[in-house]
Amino acid sequence: DWGNTAAKAALFDEGILKESFYQLSEDELLQIIQSTDPQHIILSSVRKDLEAIGQKIQEKYPLIILDSQTPAPFQNLYGTPQTLGVDRIAGVI
């Protein structure tokens, strides 16, 4: 989850949380990704400037960028689903 100033990350194995990280810079996030070699990455952010980091990740790993169209295990009944913040969608997931 990329916030306004820093990123948070969590590593899961078979749906079980293995490790979490807070207050990450872009370089620290990329180092964690490289050192853990994940099978899947989901990036969520309220920021609009994700293109640069998204491209860096997509060079080596499959990437899903979370938005209102991303399949989720719940039905989004928000009045205007496309305006529900991805931080809130991620929280529900």
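Residues numbered from 1 in each chain as written. Predicted model: local features only at pLDDT ≥ 70, side-chain atom pairs only at ≥ 80, totals over all residues. Heavy atoms only, no water.

Caption draft 1: Summary view of the overall build of the chain. The number of helices and strands found in the chain is three helices and four strands. Listed N to C, the secondary structure of the chain is β-β-α-β-α-β-α in terms of helices and strands. Over its C-alpha atoms the chain spans a radius of gyration of 13 Å, differing by no more than 12% from the 12 Å that the globule rule assigns to 93 residues. Along the first, second and third principal axes, the C-alpha set of the chain runs to 40 × 30 × 25 Å. Counting only contacts in the chain whose residues sit at least 6 apart along the sequence, the fraction spanning at least 24 positions is 33%. Total accessible area on the chain stands at roughly 6900 Å², and carbon and sulfur atoms take up 50% of it. Computing the positive centroid from 7 side-chain charges and the negative centroid from 13, the chain places the two 4 Å apart. (Helix = DSSP H or I, 4+ residues; strand = E, 2+ residues; numbered from the N terminus. Rg over C-alpha atoms; globule rule 2.2 N^0.38 Å. Contact = heavy atoms within 4.5 Å. Areas by Shrake-Rupley, 256 points an atom, 1.4 Å probe, with all protein chains shown as cover. Lys, Arg positive; Asp, Glu negative; His and termini not counted. Charge placed at Lys NZ, Arg CZ, Asp CG, Glu CD.)

Caption draft 2: Broad picture of the layout of surface pockets. As a volume, the largest pocket reaches approximately 1300 Å³. Those elements that place two or more of their residues in the lining of the largest pocket are strand 1 (7-13), strand 2 (16-24), helix 1 (26-36) and strand 3 (41-43). Broken down by element, the lining of the largest pocket gets its largest block of residues, seven residues, from strand 1. Considering only residue class, the lining of the largest pocket consists of 24 nonpolar, seven polar and five charged. (1 Å grid on protein atoms, 1.4 Å probe; cavity = no way out; pocket = protein on both sides within 12 Å on 5 of 7 lines; lining within 4 Å. Points joined across faces, edges and corners; volume = space filled by probe spheres on them. Nonpolar A, V, L, I, M, F, W, Y, C, P; charged D, E, K, R; others polar.)

Caption draft 3: Examining unusual backbone geometry more closely. Of note in this structure, E14 is not a glycine but carries a positive phi near 55°. When you line up the elements, E14 lands in the loop between strand 1 and strand 2. For E14, a relative accessible area of 76% translates into the label exposed. (Buried < 20%, exposed > 50% of the residue type's maximum accessible area, 1.4 Å probe, protein only.)

Caption draft 4: Structural context of the packing of helix 1 against helix 2 (residues 51-58). Packing of helix 1 against helix 2 leaves a shortest axis separation of 11 Å and a crossing angle of 20°. The angle between helix 1 and helix 2 falls in the class roughly parallel. Classified by chirality, the crossing of helix 2 by helix 1 is right-handed. Here helix 1 contributes E26, L29, L30 and I33 to the contact with helix 2, which in turn contributes I53, K56 and I57. (Axes fitted to C-alpha atoms, helices over the stretch in contact; angles between N-to-C directions. Parallel < 35°, antiparallel > 145°, perpendicular 65-115°, else oblique. Left-handed = near helix turned anticlockwise from the far one by under 90°.)

Caption draft 5: Quick look at helix 2. Every buried residue belonging to helix 2 is among I53, G54 and I57, and all of these are buried. Seen along its axis, helix 2 keeps its buried residues to an arc of 100°; they face one direction. Within helix 2, the exposed residues directed more than 90 degrees away from the buried face are E51 and Q55. In this fold, the buried residues of helix 2 make contact with helix 1, strand 3 and strand 4 (63-65). (Arc of directions from axis to C-beta.)

Caption draft 6: Fine view of the pattern of salt bridges. Evaluated as defined, the whole model comprises two salt bridges. With a closest N to O distance of 2.9 Å, K8 and D1 form a salt bridge. Here E26 ties to K56 by a salt bridge, and the two come within 2.9 Å at their closest N and O atoms. Of the two residues, E26 sits in helix 1 while K56 sits in helix 2, which places them 30 residues apart along the sequence. Residue classification places E26 among the partly exposed positions, given a relative accessible area of 27%. (Salt bridge = Lys/Arg side-chain N within 4 Å of Asp/Glu carboxyl O.)

Treat this as a map of the structure, not an account of what it does.
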